[in-house]
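Geometric and topological summary
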Amino acid sequence: GLLVRQGLAPLSSVSAQVAALDVRSLDQRLPDDGLPAELRPVVDRLNEALDRIEASVVRERQTAANIAHELRTPLAELTTITELAARWPDDAEITKRAAVDGHAIAQHMTRVVSALLKVARADAGQAPLQSEPFDLRQVVSDAWRGLAATADDRSVRLDDSGLRPLDATADRDVTEAVVASLLKNAVQHAPAGSTIRCTGTADDGVPTLAIENPAPDLTDADIRQVESLFWRKDDARTPSEHTGLGLSVAAALAASAGIRLTPTLEDGVFRVALALAR
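Residues numbered from 1 in each chain as written. Predicted model: local features only at pLDDT ≥ 70, side-chain atom pairs only at ≥ 80, totals over all residues. Heavy atoms only, no water.

A short note on the overall build of the protein chain
Per the secondary structure count, the protein chain includes seven helices and seven strands. The linear arrangement of helices and strands in the protein chain, starting from the amino end, is α-α-α-β-α-β-β-α-β-β-α-α-β-β. Residues counted as buried form 37% of the 278 residues belonging to the protein chain. Intrachain contacts of the protein chain at a sequence separation of at least 6 include 70% that bridge at least 24 residues. For the protein chain, the computed accessible surface area is about 15,600 Å², with 53% contributed by carbon and sulfur atoms. (Helix = DSSP H or I, 4+ residues; strand = E, 2+ residues; numbered from the N terminus. Buried < 20%, exposed > 50% of the residue type's maximum accessible area, 1.4 Å probe, protein only. Contact = heavy atoms within 4.5 Å. Areas by Shrake-Rupley, 256 points an atom, 1.4 Å probe, with all protein chains shown as cover.)

Considerations on the sheet that holds strand E2 (residues 157–162)
Across the sheet, which stays open at both edges, the five strands sit in the order E2-E4-E5-E7-E6 with mixed pairing between neighbours. In the strand order of this sheet, the two ends are held by E2 and strand E6 (259–266), each with one partner. Sheet twist, expressed as the mean angle between neighbouring strand axes with direction ignored, is 20°. Where helix H5 (residues 172–189) meets the sheet, its contacts fall on strand E4 (195–201), strand E5 (208–214), E6 and strand E7 (269–276), and the angle it forms with E7 comes to roughly 175°. (Pairing = 2+ DSSP bridges. Axes fitted to C-alpha atoms, helices over the stretch in contact; angles between N-to-C directions.)

So, the packing of helix H3 (residues 92–123) against helix H4 (residues 136–153)
Running from N to C, H3 and H4 cross one another at 125°; their axes reach a closest spacing of 8 Å. By the angle between their directions, the pair H3 and H4 is classed as oblique. Crossing geometry of H3 relative to H4 is assigned as left-handed. On the side of H3, the interface is formed by Arg97, Asp101 and Ala104, while H4 contributes Gly146, Ala149, Thr150 and Asp153. (Parallel < 35°, antiparallel > 145°, perpendicular 65-115°, else oblique. Left-handed = near helix turned anticlockwise from the far one by under 90°.)

Focus: unusual backbone geometry
Positive phi outside glycine occurs at Ser155, with the angle close to 55°. By secondary structure assignment, the location of Ser155 is in the loop between H4 and E2.

A short note on the side chain of Lys184
Its place among the elements puts Lys184 in helix H5. A relative accessible area of 9% places Lys184 in the buried class. Filtering out sequence-adjacent residues up to four positions away, Lys184 remains in contact with Glu77, His108 and Leu147.

Notes on the pattern of salt bridges
The full count for this structure, using the stated rule, is 13 salt bridges. The closest approach of N and O atoms between Lys118 and Asp173, which form a salt bridge, is 3.0 Å. Taken together, the residues Lys118 in helix H3 and Asp173 in helix H5 connect sequence positions 55 residues apart. With relative accessibility at 39%, the residue Asp173 sits in the partly exposed group. (Salt bridge = Lys/Arg side-chain N within 4 Å of Asp/Glu carboxyl O.)

Here we look at the environment of Asp167
One can find Asp167 in strand E3 (residues 167–170). Sequence separation between Asp167 and Phe134 is 33 residues, and the spatial gap between their C-alpha atoms is 5.8 Å. Once residues lying within four places of it in the same chain are set aside, the contact partners of Asp167 are Phe134 and Pro207.

Observations regarding H5
The terminal C-alpha atoms of H5, which comprises 18 residues, lie 26 Å apart, in line with the 26 Å expected from a rise of 1.5 Å per residue. Buried residues dominate H5, accounting for 15 of its 18 residues. Measuring from the backbone nitrogen of Asp173 back to the side-chain oxygen at the start of H5 gives 3.2 Å, which picks out Asp171 as the cap. (Expected span 1.5 Å × (residues − 1). Polar contact = N/O pair within 3.5 Å; in protein donor to acceptor, adjacent residues only side chain to side chain.)

Structure representation (structure tokens):
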């Protein structure tokens, strides 16, 4: 009995350490000091499993934070719009504008949330993303229609003269959400009175859409952080409801749909290229 208990003591110790782990202690690993050689491979495999579990939990937390971030700005905009309408209920022009702007914001939120739910179902193995052929130029046109009023307020215009019909094959809903988010980001952060340009190519059979806008305050160092959660260039010059460049959710959706996003900065122009896998 005593020898058996002594022989099983290391195993009992490992078992107790595993039982003590929870979501708040996923950064801890099981020590293998003093363990019998037979138990070390088991502990190594358990630690590898903990690495994967921790990475998965971190991704889920980041996704939840990204979703909250993505929805914060339109919700703040809706609050401002409804407050103005309530303050001047007899002003027909304000009421009409509130309805138009509110509808556009709701459409954008619906598009993003629907795409996120679609990706979540695909990740859970419930319903895979559906690839279908579509014209990227039409996707840009549809997305811009919902942003036109906001763009007019800032005197920001779209130049898509360099975008010819561009055939692509991917999940259209997710692609539309990505393009709409990137265009919305450009409208919000491009200087007032500037122009957003969209161009397209199909080099080597890979359809690629490029969205670019002037970004005089960005630096090369900033580009390495543009997808970081809640990053902002300058608190003093960024409105409080804009907590970042708004690319994190777009990047997550793009990755799920096989779309490669490449941000660059050249001569004060911020550019994001969307390459759709063949």
